[in-house]
Amino acid sequence: MFDKKPKSYTDLLGKTNRIVEGTTIKGDIISQADFRLDGELIGNFQSTGKIVIGPAGSVTGDIVCKNADIEGKFNGKIHVTEVLNVKSKASIHGEVSVGKLSVEPGADFSASCTMKANVKNLMPHNGEQTQKKTS
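Residues numbered from 1 in each chain as written. Predicted model: local features only at pLDDT ≥ 70, side-chain atom pairs only at ≥ 80, totals over all residues. Heavy atoms only, no water.

Enquirer: How should I be thinking about the overall build of the protein chain in this particular structure?
Expert: Helix and strand content of the protein chain: one helix and 15 strands. When each of the 135 residues of the protein chain is scored for burial, the buried share is 35%. If you take every contact in the protein chain between residues at least 6 apart in sequence, the share linking residues at least 24 apart comes to 4%. With the model as given, the accessible surface of the protein chain reaches about 8,400 Å², and the carbon-plus-sulfur share is 50%. (Helix = DSSP H or I, 4+ residues; strand = E, 2+ residues; numbered from the N terminus. Buried < 20%, exposed > 50% of the residue type's maximum accessible area, 1.4 Å probe, protein only. Contact = heavy atoms within 4.5 Å. Areas by Shrake-Rupley, 256 points an atom, 1.4 Å probe, with all protein chains shown as cover.)

Enquirer: Explain the environment of Ser-102 here, please?
Expert: Along the chain, Ser-102 turns up in strand E12 (residues 91-103). For the pair Ser-102 and Asp-69, spaced 33 residues apart in sequence, the C-alpha to C-alpha distance is 9.4 Å. If we ignore the near neighbours within four places in the chain, the residues touching Ser-102 are Leu-84, Asn-85 and Val-86.

Enquirer: Would you mind going over the pattern of salt bridges with me for this structure?
Expert: Think of it this way: side chains of opposite charge can pair up when their charged atoms draw near. Within the structure shown, the criterion is met by four salt bridges. Asp-69 is the salt-bridge partner of Lys-50, the closest N and O atoms lying 3.1 Å from each other. Highlighted residues: Lys-50 in strand E7 (residues 50-53) and Asp-69 in strand E10 (residues 67-70), separated in sequence by 19 residues. Given a relative accessible area of 14%, Asp-69 falls into the buried group. (Salt bridge = Lys/Arg side-chain N within 4 Å of Asp/Glu carboxyl O.)

Enquirer: Help me understand the pairing of strand E11 (residues 73-86), please; the structure alone is not making it clear to me.
Expert: As a general feature of sheets, a regular strand has side chains that alternate between the two faces. For strand E8 (residues 58-60) and E11, the ladder comprises three bridges, and the chain directions are parallel. Within the sheet, the bridge partner assigned to Val-59 lies in E11 and is Phe-74. Here three bridges tie strand E9 (residues 63-65) to E11, and the two strands are oriented parallel to one another. Among the inter-strand pairings, Ile-63 is bridged to a residue of E11, identified as Ile-78. (Pairing = 2+ DSSP bridges.)

Enquirer: I'm lost on the nonpolar core in this one. Help?
Expert: As a rule of thumb, soluble globular proteins bury nonpolar side chains together. With 23 residues, the main nonpolar core has Phe-45, Ile-51, Ile-63, Ile-70, Ile-78 and Leu-84 as its most contacted residues. When residues of this core are traced back to their parent elements, those giving at least two are strand E4 (34-37), E7, E9, E10, E11 and E12. It is E11 that provides the largest number of residues to this core, a total of five residues. (Core = buried A, V, L, I, M, F, W, Y, C linked by side-chain atoms within 4.5 Å.)

Enquirer: Help me understand the pairing of E7 in this model?
Expert: Looking at chain direction, E4 and E7 are connected through three bridges and run parallel. Its bridge partner being in E7, Arg-36 is matched across the sheet by Val-52. Pairing of E7 with E10, which is carried by four bridges, proceeds in the parallel orientation. Bridged to Ile-51 within E10 is Ala-68.

Enquirer: Any chance you could explain the side chain of Ser-58 here in plain terms?
Expert: Here Ser-58 lies in strand E8. The contacts of Ser-58, once residues within four sequence positions are left out, are Leu-37, Gly-39, Glu-40, Leu-41, Ile-53 and Lys-73.

Enquirer: Help me out: how do you make sense of the confidence of the model for the protein chain in this one?
Expert: Low-pLDDT stretches of the model should not have their predicted coordinates read in fine detail. Residues with a pLDDT of 70 or more make up 76% of the protein chain, whose mean pLDDT is 85. The lowest-confidence element of the protein chain is strand E14 (residues 119-122), averaging 51 in pLDDT; the highest-confidence one is E8, averaging 97. (pLDDT = per-residue confidence, 0-100.)

Put into structure tokens, the structure is as follows:
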């Protein structure tokens, strides 16, 4: 009667992980779900979903994801297969590879940028990434 079954991955879709302000993580994060970071990450981030770096958030490392909104600080390499939104308060330093890019006026965007169309980033279950061209 009160036994609850663990939620499957499909039940977690649409849910967002969150790291709050004042939290520092040193290490790599691999997530299937969306992620909001208002703290600090020193390491790499990989997701088949979206990452949001809030105004107090910062990442030093590499990011691979489907979509990203950056309002805080980022230093490293970022590969976004779809859309990267850089907000006016954001500070981006490093290398950027995107499908589409949106930069608001006032943003500090000091990065080399490559726009790649028709490339899907496939992430197998073992966490290694491969690329496949689509037609």
